[in-house]
Structures are given as C-alpha cells and as structure tokens.
Amino acid sequence: MKIILHIIIIILLTVLTQIGGLIYLISIFLVKKQKEKKRLKRIGIFAVLYLFATFLLVPNLAPVFGREKIKETEIVRAHSFFYKLANRNYVRPKLNKSIEKIGIEFGKKNSGIKVVYLDANFPFIDKFPLFPHLSHNDGKKIDVSLIYENPNGKLTNKKPSVSGYGAYESPTEKEYNQISICKDKGYWQYNFPKYLTLGKINKDIKFSKKGTRELSNLIVKQSEIGKLFIEPHLKNRLNLKSGKVRFHGCQAVRHDDHIHFQLK
Ligand SMILES: [Zn+2]
C-alpha cells in the first residue's frame, strides 16, 4: 500500500515538474525506514533538495540539453511563481531572444503593460511532454496570456484566471464557433481547461482587442516564429492576417484563454 502511494506521488511530481519525482525518490532513500519522524524528515529533505535543484542546479544543466530559463525582464514575467517553481519555464535560446524582443517592442507601445507567460517547456529531454500540452516537448513552444483592459478602457496587467488558463473569451452568437464544432465531433477534452482556472478573479476586466491584436502581430512579425495558435473567432475578431496564425485542431484544447506560439 505504501509503495503504491509512493509511486503515485512520484508520477504526479514527474508530470508536474519533471525533476520532482526523481528527487522524491532520492529523499525516500536518504531517510532510513526506522528513523523517527520519518515522514517529516523526508518532506524536509525533499523540499531542500528540490529548491536547490530547481533554482541552482537545473538552470546550469539545461543548456547542455539546448534549453535555458526564460529571461524575466521589466516586461516579460511569469503569470505566477508556480511556473518557475515547477520548471515549466524553459525554452531554446532562440525562443528566449524572440520573447525578449517581443517584450521590448510591446513595452515601447504600451508602457507598463507586461507580456505574461504561462507554460513553456521542461528543461530536459526532447519528446518529454509538459502535461496537459502534449506538444510543448522540444523547447520551441510557449503560451502567453491574452491582454485585458479595465472598465475605463485602459490596458491592465490583471488576468481573469488564477492559473492563467481556462477563462475563455468565448465566441459571440454571430461569430464562428469552433468550440461547438469540436465538441460535436466528440473531442471532449477541447473544453477541459475550464476546470483548470483554480478560480476566476478580476471580474471587472475585459478582453482587450487592441492589446491582444498588437501582441499577436508582434509575435508573428518575428522571423524565427513559425506558428501562432488562437481560436478562429478571435483570429477574425482581431483581424489577424498573417499566414502564421493557424488553427491548432480539435485534438488540442481551446485557445481563447491564451495564445500559443512556437519557433519554426
Ligand atoms: Zn501551447
């Protein structure tokens, strides 16, 4: 029974953070069975090892695997500390430069408004997927938040979802509705991130057409960027003309809560 619980924890930690499962396994071996307060000691050792690995070891090891930590600037930042704590903030150097450039140009046009990233990739091993995004497995992919505005029409850094995912800018009655098409075809997972918000916040903010359009156009302007995924009704609403703006397919999830882009 205990072994099964350990295995479940190892799998969960691996899926969430890539390195967490391995570190948990090491912690089990380091604290001997007969020791007093075994569980507490294991948790303590795990926490120390995990933080050491995540913030000191992994950033220096990842370049061996062709990836690096996303460079945070005044303008580019993670939606929450979780993305950094869980090692979900690694990209290829080329994408890192691209994100930085996009941030600088976006910041020039919209003073104080940040480019907020969500899931990128894990630091190690091509083809190791970053759940639930199966394609984020090669260092070339990243998700960023949409841009929102306050009731007075001014752009804001606030976002509507605690996790960063699942707060949708749904199609209006008149807009093309890819979501119901995918649902009707039986792709139940398309709408699944609605369960991943961890709570909706900032209910007074509104989707900013202007801000999101500007950000999308800046992204596709970068020559090294190959594709941008956004829900078809938003592509139309924002009047995005670039051939790089594609539909991701029903086997993916909805992209009206975030923008995905990737290197060529
Ligand atoms: Zn993505």
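The structure we're discussing is the one just above.
Below or above, wherever it landed, is the structure these notes cover. (Residues numbered from 1 in each chain as written. Predicted model: local features only at pLDDT ≥ 70, side-chain atom pairs only at ≥ 80, totals over all residues. Heavy atoms only, no water.)

## Quick look at the overall build of the protein
- For the protein, the count of helices and strands is eight helices and 11 strands.
- Whereas a compact globule of 264 residues would reach a radius of gyration of roughly 18 Å, the protein reaches 20 Å, a difference of no more than 12%.
- Taken over the C-alpha atoms alone, the protein extends approximately 65 × 40 × 35 Å along its principal axes.
- Considering the protein as a whole, with its 264 residues, one finds that 49% of them fall into the buried category.
- Pairs at least 24 apart in sequence give 73% of the contacts found in the protein among residues at least 6 apart.
- Entry remark: accessible area of the protein is about 13,900 Å², with carbon and sulfur atoms responsible for 63%.
- Distance from the positive charge centre (47 side chains) to the negative charge centre (21 side chains) of the protein: 5 Å. (Helix = DSSP H or I, 4+ residues; strand = E, 2+ residues; numbered from the N terminus. Rg over C-alpha atoms; globule rule 2.2 N^0.38 Å. Buried < 20%, exposed > 50% of the residue type's maximum accessible area, 1.4 Å probe, protein only. Contact = heavy atoms within 4.5 Å. Areas by Shrake-Rupley, 256 points an atom, 1.4 Å probe, with all protein chains shown as cover. Lys, Arg positive; Asp, Glu negative; His and termini not counted. Charge placed at Lys NZ, Arg CZ, Asp CG, Glu CD.)

## Some details on the packing of aromatic side chains
- Summed over all chains, the structure comprises nine aromatic pairs.
- Taking 5.6 Å as the distance between ring centres and 25° as the angle between the ring planes, the aromatic pair formed by Phe-46 and Tyr-50 counts as stacked. With Phe-46 and Tyr-50 both in helix α3 (residues 38-61) and four residues apart, the pair spans about one turn of that helix. Take Phe-46 and Tyr-50: they sit in the same class, and that class is buried. (Phe/Tyr/Trp six-rings, centres within 6.5 Å; stacked < 30°, edge-to-face > 60°.)

## With respect to helix α1 (residues 2-17)
- Look at α1: 22 Å from first C-alpha to last across 16 residues, which is about the 22 Å you get at 1.5 Å a residue.
- Taken together, the buried positions of α1 are His-6, Ile-10, Leu-13 and Thr-17. Taken end-on, α1 shows its buried residues confined to a sector of 70°, consistent with a single buried face.
- On its buried face, α1 is in contact with α2 (20-30) and α3.
- With its phi angle positive at about 65°, Gln-18 sits one or two positions after the end of α1. (Expected span 1.5 Å × (residues − 1). Arc of directions from axis to C-beta.)

## Observations concerning the environment of Gly-199
- Relative to the helices and strands, Gly-199 is located in the loop between α6 (178-184) and β8 (206-207).
- Classification of Gly-199 by relative accessible area gives partly exposed; the value is 29%.
- The contact partners of Gly-199, leaving out residues within four places of it in the chain, are Pro-160, Ser-161 and Val-162.

## A closer look at the side chain of His-79
- Positionally, His-79 belongs in the loop between β2 (76-78) and α4 (81-85).
- Look at His-79 and you get buried, because its relative accessible area is 15%.
- A polar side-chain atom of His-79 sits 3.1 Å from the main-chain carbonyl oxygen of Ser-161.
- Only 2.9 Å separates the side chain of His-79 from the backbone oxygen of Val-162, close enough to count as a polar contact. (Polar contact = N/O pair within 3.5 Å; in protein donor to acceptor, adjacent residues only side chain to side chain.)

## Regarding helix α5 (residues 93-109)
- In this model α5 runs 25 Å from its N-terminal to its C-terminal C-alpha over 17 residues, within 8% of the 24 Å that 1.5 Å per residue would give.
- Within α5, the full set of buried residues consists of Leu-95, Asn-96, Ser-98, Ile-99, Ile-102, Gly-103, Phe-106 and Gly-107. Along the long axis of α5, the arc covered by the buried residues comes to 165°, so they all point the same way. Projecting away from the buried face of α5 at angles above 90 degrees are the exposed residues Lys-94, Lys-97 and Lys-108.

## Things to note about the nonpolar core
- Counting residues in each nonpolar core, the largest one holds 36 residues, and the members touching the most others are Ile-219 and Phe-261.
- Among the secondary structure elements, those contributing two or more residues to this core are β2, α5, β4 (115-117), β5 (141-145), α7 (209-221), β9 (225-229) and β11 (258-263).
- Each residue touching Phe-261, except ones within four places of it in the same chain, is listed here: Leu-95, Ile-99, Ile-102, Lys-140, Lys-141, Ile-142, Val-144, Ile-219, Ile-225, Lys-227 and Leu-228.
- Ranked by size, the runner-up nonpolar core spans 13 residues in total, among them Ile-10, Ile-19, Ile-23 and Tyr-90. (Core = buried A, V, L, I, M, F, W, Y, C linked by side-chain atoms within 4.5 Å.)

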